[in-house]
Amino acid sequence: MPRPIEALIHADALAHNLAQVRARVPDARVWAVVKANAYGHGIERVFGALRGADGFALLDLAEAQALRALDWRGPILLLEGVFEPRDLELCSRLNLWHVVHCSQQIDWLAVHKTHQAHRVFLKMNSGMNRLGFAPAAFRSAWARLSALPQVDEVSLMTHFADADGAAGIAQQVASFVAATADLPGERSLSNSAAVLRHGAVATDWVRAGIALYGSAPDFPEQDIGHWQLQPAMTLRSRLIGLQQLQTGASVGYGSQFVAERAMRIGVVACGYADGYPRRTGDAGGSGAPVLVEGVRCRTVGRVSMDMLAVDLSPVPAAQLGSEVTLWGRGPHSSLLPIDEVAQAGGTIGYELMCALAPRVPVAVSPAD
Ligand SMILES: *Cc1c(COP(=O)(O)O)cnc(C)c1O
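Anyway, here's the lowdown on the structure attached to this text. (Residues numbered from 1 in each chain as written. Predicted model: local features only at pLDDT ≥ 70, side-chain atom pairs only at ≥ 80, totals over all residues. Heavy atoms only, no water.)

A word on the overall build of the chain
For the chain, the helix and strand inventory stands at twelve helices and 19 strands. Taken along its principal axes, the extent of the C-alpha atoms in the chain is 75 × 40 × 35 Å. Within the span of the chain, comprising 368 residues, buried residues form 54% of the whole. When the accessible surface of the chain is split by element, carbon and sulfur atoms take 52% of a total near 15,600 Å². If the 31 positive side-chain charges of the chain are averaged to one point and the 34 negative ones to another, these points end up 1 Å apart. (Helix = DSSP H or I, 4+ residues; strand = E, 2+ residues; numbered from the N terminus. Buried < 20%, exposed > 50% of the residue type's maximum accessible area, 1.4 Å probe, protein only. Areas by Shrake-Rupley, 256 points an atom, 1.4 Å probe, with all protein chains shown as cover. Lys, Arg positive; Asp, Glu negative; His and termini not counted. Charge placed at Lys NZ, Arg CZ, Asp CG, Glu CD.)

Overview of the site of the ligand
In the neighbourhood of the ligand, the contacting residues comprise Val33, Lys35, Tyr39, Leu79, His159, Asn191, Ser192, Arg207, Ala208, Gly209, Ile210 and Tyr350. Here Gly209 contributes a backbone N or O atom positioned 3.0 Å from an oxygen atom of the ligand. Contact between the ligand and Ile210: an oxygen atom at 2.8 Å from a main-chain N or O atom of the residue. Counting atoms within 2 Å of the grid points, the majority share of the ligand lands in the largest pocket. Among the elements of the structure, α2 (35–39) and β9 (205–208) are those that each provide at least two residues to the shell around the ligand. (Near = heavy atom within 4 Å. Polar contact = N/O pair within 3.5 Å; in protein donor to acceptor, adjacent residues only side chain to side chain. 1 Å grid on protein atoms, 1.4 Å probe; cavity = no way out; pocket = protein on both sides within 12 Å on 5 of 7 lines; lining within 4 Å. Sits in = over half its atoms within 2 Å of the grid points.)

So, the packing of helix α6 (residues 103–110) against helix α7 (residues 135–146)
Two measures define how a pair of helices packs: the angle their axes make with one another and the distance between the axes. Close contact between α6 and α7 brings their axes to 10 Å; oriented N to C, the two are set at 10 degrees. By the angle between their axes, α6 is roughly parallel relative to α7. Contacts from Ser103, Ile106, Asp107 and Leu109 of α6 reach α7 at Ala141, Arg144 and Leu145. Taken together, the residues of the contact of α6 with α7 sort by class into four nonpolar, one polar and two charged. (Axes fitted to C-alpha atoms, helices over the stretch in contact; angles between N-to-C directions. Parallel < 35°, antiparallel > 145°, perpendicular 65-115°, else oblique. Contact = heavy atoms within 4.5 Å. Nonpolar A, V, L, I, M, F, W, Y, C, P; charged D, E, K, R; others polar.)

If you want it as structure tokens, here you go:
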């Protein structure tokens, strides 16, 4: 029997979350953002459930090739554009749309030989200060790009820094609108947080990532229940050990957790080498929520490479082999949002999904 840990990707949840995004921006087309191997879920695994999207957005040319190999004929957008001139050949061959965020990328396009003109998304830096042309430089970049025979249609795009927080998007929207008011072309502004919290902003294409995977971008202010999203990934394992602790006994490396009363401990086949956040049990960490047979418990002590420990007080019936849900869907309709585990580990749902370790076997459920 293999080690009992596994991840499940829920096709029904992905489709549900995509429908939730659509319902919030009914007039917009939706890019399903599948960068980082679909936020750790696997492009091949999510493709069936997300093929109702209007297009797929990602960064990596190999991931774009994987989508074309799955026979996706619709739009694919390279969110960071090309990294070197010869990437443009693949764009021509696979009909990839690409972001243009700096003048070097325009230089490369200007000398690119192609029979097929490219659809490009010209990116403005409206305040995030990562990629894009400053508002003052945007118009001349647009004019130069539009004049190229290699370019078919130019769309306009920007990315929000604070769509999930108190600062919001008003300033960046104002800066974008002021600099683009009389320019033609489709617009793409919103990420998941902007779709959920600021749905009304005028945009032809939204770029939804985290919401599709069932994590709230603005947790803990709101949770997935509030946004009616469902976890697309479950990480589950089983109890492989039981310990009866007497008062004063400790658990795990560094004896970080000391029992204040007699208690029963379960040892779970899951550790940081599976992608579980070690910080949940580090000095000062007060453990993380976990479900044992669907009952909410807490981890205790340090997380090891391959194991972690759980206080079984809330679930006296637990035994060797009991099912443990690290995040996602548990038995008896129980639920543990990944955001709660991420918070206990001092991180965000995005990072935990992306960090699911290659050694964890992954299955799609229901199988498609
Ligand atoms: C990753 C990314 C997104 C998606 O962001 P979420 O918060 O996951 O919805 C949108 N736009 C760009 C440019 C991105 O890099």
